[in-house]
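Inside the fold
Chain by chain, the residues:
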Amino acid sequence: MTEPTIYDISVTGRTGVTFPESDVPEYALPQGFVRQKLQLPEVSELEVVRHFTRLSQKNYAIDLGFYPLGSCTMKYNPKINESVSRLSGFTATHPLQPANTTQGNLYLMYTLQEMLKEIAGFDAVTLQPAAGAQGELVGTLIIHKYHTDRGDHQRTRMLIPDSAHGTNPASSAMLGYDVVPLPSDERGNVDLEALKRLCDDRLAGLMFTNPNTLGLFDENVCEVVKIVHEAGGLVYGDGANMNALLGVFRPGDVGIDILHFNLHKTFSTPHGGGGPGSGPVAVQAHLVDYLPDPIVGILEEGDDETAPLYGFVHPEKSIGRIKAFYGHFGMHIRAFTYIAMLGQEGLRDIAEKAVLNANYLQEKLKGSYTLPYDRICMHEFVLEGFWKDVPDIHALDIAKRLMDYNFHPPTNYFPLIVKEALMIEPTETETLETLDAFVEAMLKIAGEARTDPQLLRDAPHNTPVRRADELKAAKDLVFCCYIGDDWPGIQE
Amino acid sequence: MLIPEELKYQKTDEWVKIVDGIATIGITDFAQDSLSDVVFVEFDIDVDDEVSAGDSMATIESVKAAAEVVFPVSGKVIEINQTLIDTPELLNESPYEEGWLVRVQAADGTELENLMDAAAYAIDIQDR
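First, a word on what this report is: a plain description of the structure on this page. (Residues numbered from 1 in each chain as written. Chains lettered and ligands numbered in written order. Predicted model: local features only at pLDDT ≥ 70, side-chain atom pairs only at ≥ 80, totals over all residues.)

1. Considerations on the overall build of chain B
Scanning chain B for helices and strands turns up four helices and nine strands. The order of α-helices and β-strands along chain B, N terminus first, is β-β-β-α-β-β-β-β-β-α-α-β-α. For 128 residues, the compact-globule estimate of 2.2 N^0.38 gives 14 Å, and chain B sits close to it at 13 Å. Within the span of chain B, comprising 128 residues, buried residues form 38% of the whole. Looking at chain B alone, contacts between residues at least 24 apart form 64% of all its contacts between residues at least 6 apart. (Helix = DSSP H or I, 4+ residues; strand = E, 2+ residues; numbered from the N terminus. Rg over C-alpha atoms; globule rule 2.2 N^0.38 Å. Buried ≥ 20, exposed ≤ 12 C-beta atoms within 10 Å, placed from the backbone. Contact = placed C-beta atoms within 7 Å.)

2. Notes on the nonpolar core
Counting 111 residues, the largest nonpolar core has Ile142, Ala282, Val283 and Leu422 of chain A as its most contacted members. Sort the elements by how many residues they give to this core and helix α9 (residues 329-365) of chain A lands first, with 14 residues. Leaving out residues up to four positions away in the same chain, leucine 422 of chain A has contacts with Val382, Leu383, Gly385, Ala395, Ile398, Ala399, Pro410 and Asn412 of chain A. In terms of nonpolar packing, the next biggest core, distinct from the first, is built from 31 residues, Val16, Phe30, Ile60 and Leu101 of chain B among them. (Core = buried A, V, L, I, M, F, W, Y, C linked by C-beta atoms within 7 Å.)

3. As for the environment of threonine 337 of chain A
Residue and element names in this part refer to chain A. With respect to the helices and strands, threonine 337 occurs in helix α9. For the pair threonine 337 and glutamate 3, spaced 334 residues apart in sequence, the C-alpha separation works out to 38 Å. Once residues within four sequence positions are removed from consideration, threonine 337 is found in contact with Ile80, Asn81 and Val84.

4. Some details on the pairing of strand β2 (residues 14-19) of chain B
Residue and element names in this part refer to chain B. Bridge count between strand β1 (residues 8-9) and β2: two bridges; the pairing is antiparallel. Across the sheet, lysine 8 pairs through a bridge with valine 16, a residue of β2. What sits between the antiparallel neighbours β1 and β2 is a turn of four residues, in which aspartate 13 has the positive phi angle 75°. In this sheet, strand β3 (residues 22-27) lies alongside β2 in antiparallel orientation, the contact comprising six bridges. Bridge assignment links isoleucine 18 to a residue of β3, and that residue is alanine 23. Taken together, β2 and the strand that follows it, β3, pair antiparallel across an intervening segment of two residues, in which aspartate 20 is found at a positive phi of about 50°. (Pairing = 2+ DSSP bridges.)

5. What about the packing of helix α4 (residues 103-120) of chain A against α9 of chain A?
Residues and elements named next belong to chain A. Close contact between α4 and α9 brings their axes to 10 Å; oriented N to C, the two are set at 45°. Viewed along their axes, α4 and α9 adopt a mutual orientation that is oblique. Note that α4 runs across α9; the crossing there is left-handed. Within the contact between the two elements, α4 uses Asn105, Leu108, Met109, Thr111, Leu112, Met115 and Ile119 and α9 uses Phe329, His332, Ile333, Ala335, Phe336, Ile339 and Leu347. Its residues placed into classes, the contact of α4 with α9 shows 11 nonpolar, three polar and no charged. (Axes fitted to C-alpha atoms, helices over the stretch in contact; angles between N-to-C directions. Parallel < 35°, antiparallel > 145°, perpendicular 65-115°, else oblique. Left-handed = near helix turned anticlockwise from the far one by under 90°. Nonpolar A, V, L, I, M, F, W, Y, C, P; charged D, E, K, R; others polar.)

6. Details of the interface of chain B and chain A
Listed per partner, the contact involves five residues of chain B and six residues of chain A. A class-by-class count of the residues in the side of chain B that touches chain A yields three nonpolar, no polar and two charged.

7. Focus: helix α10 (residues 395-404) of chain A
Residues and elements named next belong to chain A. In terms of residue burial, α10 counts as a mostly covered element, since eight of its 10 residues are buried. Among all positions in α10, only Ala395, Leu396, Asp397, Ile398, Ala399, Lys400, Arg401 and Leu402 are buried. Residues of α10 that are buried make contact with β11 (411-412), β12 (421-424), α11 (432-451) and α12 (453-457). Where α10 ends, the next residue or the one after it, asparagine 406, has phi of about 70°, a positive value.

Put into C-alpha cells, the structure is as follows:
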C-alpha cells in the first residue's frame, strides 16, 4: 500500500501540541517579511509517529538484509560504536570550549590520526574532510599548492584511469585541472605504455584507485608511482577501497603521496541514511605543511605522572580550513572505537575475509554471468548484467529482480568500462549462509531471464514502490513538494 | 543497428555528412542505443566558433551515463540544433535526421579520409 504524504492526512485545525499562552509581548513584524499563508500539515502527534514509523519500515538497510553495493563497503556498523559515541563526555562538549577542557576529545582525535597513519603508512593525517569527495578536493588543493610553491605553473593535467572512481575526475575538474583519461590494459591494470606517453612537464598528478573499481589490485602499482614521480607529478590514492588492504598493504609504503580514507566504508561508521561521511586525508612528509588548518597535535609532552597536553597545531603552508570546526567528530569516535576494538590482527582479518567472500561469490557466479576480467579479485568484482542469448534484458532488470528476493541490488552501470556492469561487494561481515542465499537468487534470476524474461523487466514486484520511471524522474525535476495552486513556496 | 551508407563515422560514435562544404554532425544509432534515454544536451560551443577535429562539441546525459561528443572535422560552427535543448529525446528517436547536433563550414575536405565508412564502422562496433 502506498503511504499518503503527511499533507494528505492533514486536517484543518488539528494540532499535535498545545502551546501555553505567550508571556512575551507581541511585536508586529515588518510587512514584507510576513507570509499571508503558510501551508503546514495539521496532524496529531500519534499520526506523525505512525506516518514516519510506517515509512521507516518500508526502508531497506544493512540491519535488515544483505547490501552488496559495490564500491560502498556496506558492512555491518557495530552497535558498540553508537554506545561509545553517546557517552556524555563526548556529547556534552562543544568545539568552542577551551582545549584544556576537551582533552579527552583531542586525545581521541590525535590517536585516530596516529592509527590511520600507521594503517596506511603516512606521516600526517587531517580528520577535517566531510567525506571522500571533500578528501579528494583537499588532495587536489594540496597538489596544486605544492606545484605552485615550486613555480611549476605549467602543470595543468590530472591523469585519471578509466577504472577510477567517478569522483576523481569531478574533483580534478573542480580545481580547474584538465582531466586526461588513462586506459586500462587487458588485465585491468593501468596501461603503462599509455601512462608513459602522457607523463611530461604538464603533469600535475595521477588519481589512483587501488584496488580499482573492477575490484582488481593494480599489479604494477610500484611502476605506476615511479613513472609519475619521475615526470614530477604526485600520486593521489583514492582509499575508498582500503577495506581490501587493511593490515596487508600500506599505500604509503609504495610512495603514494596523498590518500583519503572513507570512515563510512572501511571503518564502519554509518553509510547511507545521511551518514554523515568522514574522509580523513593522509600525506607524506613532504606535504605535511600543506594540510588543512588545524590538525590535532601534542603541545606539551607528558611523562609518567602527567598526560601530554593536546591541542591544535597550524600547518605552515596550509591550504586553509575546509570544514566547520574539526570535521565530523561523531564519526571519529565510531571509527576510533572500531579500530581500537579490532586491533592490528582484527583489521587484517577484515581484509582477508572481505577478499575471501568476494572471491567466493565471483567463483560461484562466473559460470552463469560473464566475468570480463577473470582474475582473483579483491573485495569486490564486476559482472556483465546481460546475456548474448537473451534479448533485451539489462543490468537494471537483474538489479530490480534481486529486490524481489529481498536483497539490495549491486551497484550497476559502473564502472563504465564494463558493459551493463553489476558491481558486487559482499564485505567481511556476511555469513556463508547469506552468501549462498545470494548466489541462489542470482542463479534463479539467470534462469528466469530465459524462461520468463518479462518477470525481470517488470521487477520489482514485492516492494512498496514498483519500477520507477527513470526517464521521467530525470526530465521532470520537481525539487519542491507542491500541493495545489496555493503552495506558497512556489508562488512567492 | 542503423548505419546509413552515405555517412562517414568516427570511432567515438559521431557521424558526419558533408554537402557543399557544410558538415552536419550527430551521434550514431549505436551511440544512442548504448546511452539509452537521453535527458540532457549541453553544447560546449557557440555559432561562429572556430573548432578543430577532436575538440569537445557537446555533453550528452542519459539515465545511465554522460558522454562527450567531439568534432570529427575542423571548421567554423554555423548552426547548432537548439531544439535538442528542450527535446533531447530526438537523439534517441531520430539520430540521423532530426537529432543532428551541429553544422560546420568544413575547413578541409581531406579530413573525411581519416574517418570510417559505413562498412568499417559496422565492423568497429561489432565487438563492443
